[in-house]
Amino acid sequence: MAQNLLLWFLVYLTGVNLAAFFLYGLDKYRARRLQWRIPEHTLLLLAFLGGCVGAAAGMALFHHKTRKTRFRVCIPLAIVLWMGIAGLFGVRFASWLWY
C-alpha cells in the first residue's frame, strides 16, 4: 500500500510540475504576441499545489515573471513548503516500510 501511495504522489508531482512549466511557457508565448494571458494567480496556485519546481524552471528558461516581486518571493516559498512536505512524507513512508 505504501508503494502505491508513493507512486501516486510522484505521478501527481510530475504532472503538476509539467503543467506549471508548460503554462509558464505558454504565458510567455502569449505575452509576446499580445494575446489573452494566463492569470497570475493561476500560475502561483500551480506552484503552491506542487508545481514549484516546474514554475521555477519555466521562469528561468523562458525568462518569464522574473522581475515580479510576487513571483520572486512566492516561488521559492512554495519550494521550501514542498521540501517540508516531501520530507514529512518521506519520513512517514520510511516508517511504513519498517512496520
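It should be emphasised that the depicted structure is a prediction, and the values quoted were computed from it without experimental measurement.

Things to note about the overall build of the protein chain
A count of helical and extended segments in the protein chain gives three helices and zero strands. Each helix and strand of the protein chain, placed in order from N terminus to C terminus, yields the pattern α-α-α. Dimensions of the protein chain, computed from C-alpha atoms along their principal axes, come out at roughly 55 × 25 × 20 Å. Split into buried and exposed, the 99 residues of the protein chain put 31% on the buried side. Sequence separation of at least 24 residues holds for 72% of the intrachain contacts in the protein chain that already meet a minimum separation of 6. In the form shown here, the protein chain has an accessible surface area of approximately 6800 Å², with 72% of it arising from carbon and sulfur atoms.

Section: the environment of H64
Structurally, H64 is set in the loop between α2 (40-62) and α3 (69-98). Take H64: its relative accessible area is 5%, and that puts it in the buried class. Sequence separation of H64 and W8 is 56 residues, and the distance between their C-alpha atoms is 30 Å. H64 has contacts with Y24, D27, K28, R37, G58 and M59, leaving out every residue within four places of it along the chain. Side-chain polar atoms of H64 contact the side chain of D27, separated by 2.6 Å.

Comments concerning the packing of aromatic side chains
Remark: the centre distance and the inter-plane angle together describe each pair of aromatic rings, the angle taken between the planes. What the rule picks out here adds up to three aromatic pairs. Ring geometry for F21 against F62: centres 5.1 Å apart, planes inclined by 40°, an arrangement best described as tilted. With a gap of 41 residues between them, F21 in helix α1 (residues 2-32) and F62 in helix α2 connect regions that are remote in the sequence. According to the relative accessible area criterion, F21 is partly exposed, its value standing at 27%.

Details of the pattern of salt bridges
Here the structure, examined in full by the defined rule, presents four salt bridges. For D27, the salt bridge goes to R37, with nearest N and O atoms at 3.0 Å. Residue D27 is located in helix α1, and its partner R37 is located in the loop between α1 and α2; the two are separated by 10 residues in the primary sequence. The partly exposed category is assigned to R37, whose relative accessible area is 33%. Through salt bridges with shared partners, a single network forms among E40, K65, K68 and R70.

The rules we used
Residues numbered from 1 in each chain as written. Predicted model: local features only at pLDDT ≥ 70, side-chain atom pairs only at ≥ 80, totals over all residues. Heavy atoms only, no water. Helix = DSSP H or I, 4+ residues; strand = E, 2+ residues; numbered from the N terminus. Buried < 20%, exposed > 50% of the residue type's maximum accessible area, 1.4 Å probe, protein only. Contact = heavy atoms within 4.5 Å. Areas by Shrake-Rupley, 256 points an atom, 1.4 Å probe, with all protein chains shown as cover. Polar contact = N/O pair within 3.5 Å; in protein donor to acceptor, adjacent residues only side chain to side chain. Phe/Tyr/Trp six-rings, centres within 6.5 Å; stacked < 30°, edge-to-face > 60°. Salt bridge = Lys/Arg side-chain N within 4 Å of Asp/Glu carboxyl O.

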